[in-house]
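Observations on the model geometry
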Amino acid sequence: MSGFLLRQVKLSQPQLASLLQHQCRAEASTSSSATVVQNNPVVLDNRKPAPQIDADRMRMHPRIGNREIVGYGLKGKPEYFDLVMFPCPSIRWEADSPAIAELRKKEKGDWKQLSTAEKKQLYRSSFRQTFEEFTAPTGIWKWAIGWTLLSIAGATLAYDGWRRICYRFEGPDSMKDAKLKKQLEYHIAARQGPMTGLASKWDYETGTWKK
C-alpha cells in the first residue's frame with residue numbers, strides 16, 4: 001500500500017516524493033546501521049538534506065539540461081521556440097556559463113555600462129535567432145519547383161524510353177507515302193478549300209502547284 005501511495009505522490013508532487021524517499025532512506029539506515037556497516041564498508045552521510053529540484057526541471061532535465069526556466073512558455077512546458085506569434089520562450093537558448101552569469105549580474109545595473117558586444121552576447125544566450133533571421137525567406141519554393149520539374153522530366157524520359165523499347169509497332173497503312181499521296185490527290189480532285197485551303201493553292205489548268 002505504501003508503494004502505491006509513493007507512486008501516486010511521484011506523479012502528482014515530484015518534490016514531495018523526493019523528500020519522502022530521502023526521509024525513508026534515512027530512517028532505514030539509522031535503524032539498521034550495524035547491518036549496513038557489516039555488509040557495506042561505505043557509510044553514506046544521511047544528515048545531508050535532499051536537493052531542492054524544481055518539478056519541471058526534474059521532469060525535463062534530460063532535454064533542457066541546466067538552462068534557466070524564465071517563464072510559462074507556449075504550452076506550459078520548458079521548451080524553446082522561435083515564433084513570431086510567441087516571441088518569449090519559457091527557457092533560455094544556452095546554459096549559463098560563468099561568463100554569462102557575470103553578465104547577468106552586470107545587466108541588473110546600468111545598461112550604459114554594457115558594451116554592444118556584451119548586449120549581443122546576452123541576447124544570443126537567451127535567443128537562438130533575431131526576428132530578422134527567423135522571419136527571412138527560406139527559399140523553399142525554389143526547392144519545390146526544382147524537384148517538381150526534375151520529376152516531370154524524369155517521368156517524360158521514362159515514358160519515352162518505355163515507348164521506344166516496349167511499345168514498338170508498325171504504323172497504320174494510311175501513314176505510308178503511297179497512301180498519303182493518294183489522299184492528297186483525292187483532296188485536290190474534290191476541290192477542298194477553294195478559298196484558302198488546299199484547292200486554292202493548286203493550279204487545275206496546268207496540274208501543278210501555284211507559284
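Just above sits the structure.
What comes next concerns the included structure. Quantities reported herein were computed from a predicted structural model and do not represent experimental measurements. (Residues numbered from 1 in each chain as written. Predicted model: local features only at pLDDT ≥ 70, side-chain atom pairs only at ≥ 80, totals over all residues. Heavy atoms only, no water.)

Before going further, it helps to spend a moment on the packing of aromatic side chains. Each pair of aromatic rings is reported with the distance of its centres and the angle of its planes. Taken as a whole and assessed by the stated rule, the structure comprises 6 aromatic pairs. On the numbers, 5.0 Å between centres and 45° between planes, the contact of Phe-131 with Phe-134 is tilted. On the criterion of helical spacing, the pair formed by Phe-131 and Phe-134 is a turn pair, its members being 3 residues apart in helix H7 (residues 131-134). A residue is classified by how much of its surface remains accessible, and Phe-131, at 41% relative accessible area, is partly exposed. When the ring centre of Tyr-204 is taken as origin, the NZ or CZ atom of Arg-191, which lies over that ring, is 3.9 Å away. (Phe/Tyr/Trp six-rings, centres within 6.5 Å; stacked < 30°, edge-to-face > 60°. Helix = DSSP H or I, 4+ residues; strand = E, 2+ residues; numbered from the N terminus. Buried < 20%, exposed > 50% of the residue type's maximum accessible area, 1.4 Å probe, protein only. Lys NZ or Arg CZ within 6 Å of the ring centre and 35° of its normal.)

With that settled, consider unusual backbone geometry. Comment: phi is negative for the bulk of residues other than glycine, and the bulk of peptide bonds are trans. Residues other than glycine seldom take positive phi values, yet Arg-191 does so here, at roughly 55°. Following the sequence through the fold, Arg-191 ends up in the loop between helix H9 (177-189) and strand S1 (202-203).

Tallied over the full model, the rule gives 9 salt bridges. Among the ionic pairs, Arg-92 bridges to Glu-68, the shortest N-O distance being 2.9 Å. Of this pair, Arg-92 sits in the loop between helix H4 (55-64) and helix H5 (98-107) while Glu-68 sits in the loop between H4 and H5, and the two are 24 residues apart along the sequence. You can call Arg-92 buried: its relative accessible area is 15%. On the basis of relative accessible area, Glu-68 is assigned to the partly exposed category, the value being 31%. (Salt bridge = Lys/Arg side-chain N within 4 Å of Asp/Glu carboxyl O.)

Right, let's talk about H5 for a bit. Within H5, the full set of buried residues consists of Ile-100, Leu-103 and Arg-104. Projected onto a plane normal to the axis of H5, the buried residues spread over an arc of 105° and lie on a single side. Residues of H5 that are exposed and point over 90 degrees away from its buried face: Pro-98, Glu-102 and Lys-105. (Arc of directions from axis to C-beta.)

So, on to the environment of Ile-64. The residue Ile-64 is located in helix H4 in this model. Considering only alpha carbons, one finds Ile-64 and Glu-79, 15 residues apart in sequence, at a separation of 7.7 Å.

On to the layout of surface pockets. By volume, the second largest pocket amounts to about 170 Å³. Around the second largest pocket sit 13 residues that line it, and Arg-92, Arg-104, Leu-122, Ser-126 and Phe-127 are the ones nearest its centre. Among the secondary structure elements, those contributing two or more residues to the lining of the second largest pocket are H5 and helix H6 (116-126). With 4 residues, H6 is the single largest residue contributor to the lining of the second largest pocket. Here the lining of the second largest pocket is composed, by residue class, of 8 nonpolar, 1 polar and 4 charged. (1 Å grid on protein atoms, 1.4 Å probe; cavity = no way out; pocket = protein on both sides within 12 Å on 5 of 7 lines; lining within 4 Å. Points joined across faces, edges and corners; volume = space filled by probe spheres on them. Nonpolar A, V, L, I, M, F, W, Y, C, P; charged D, E, K, R; others polar.)

Turning our eyes to something else, we now look at the packing of H5 against H6. Each pair of packed helices can be summarised by the angle the axes make with each other and by the distance between the axes. At a closest axis distance of 10 Å, the pairing of H5 and H6 adopts a crossing angle of 115°. Classified by the angle their axes make, H5 and H6 are roughly perpendicular. In this structure, H5 meets H6 at a crossing whose hand is left-handed. Along its contact with H5, which presents Ile-100, Leu-103, Arg-104, Lys-106 and Glu-107, the element H6 presents Glu-118, Gln-121, Leu-122, Ser-125 and Ser-126. For the contact of H5 with H6, a count of residues per class yields 3 nonpolar, 3 polar and 4 charged. (Axes fitted to C-alpha atoms, helices over the stretch in contact; angles between N-to-C directions. Parallel < 35°, antiparallel > 145°, perpendicular 65-115°, else oblique. Left-handed = near helix turned anticlockwise from the far one by under 90°. Contact = heavy atoms within 4.5 Å.)

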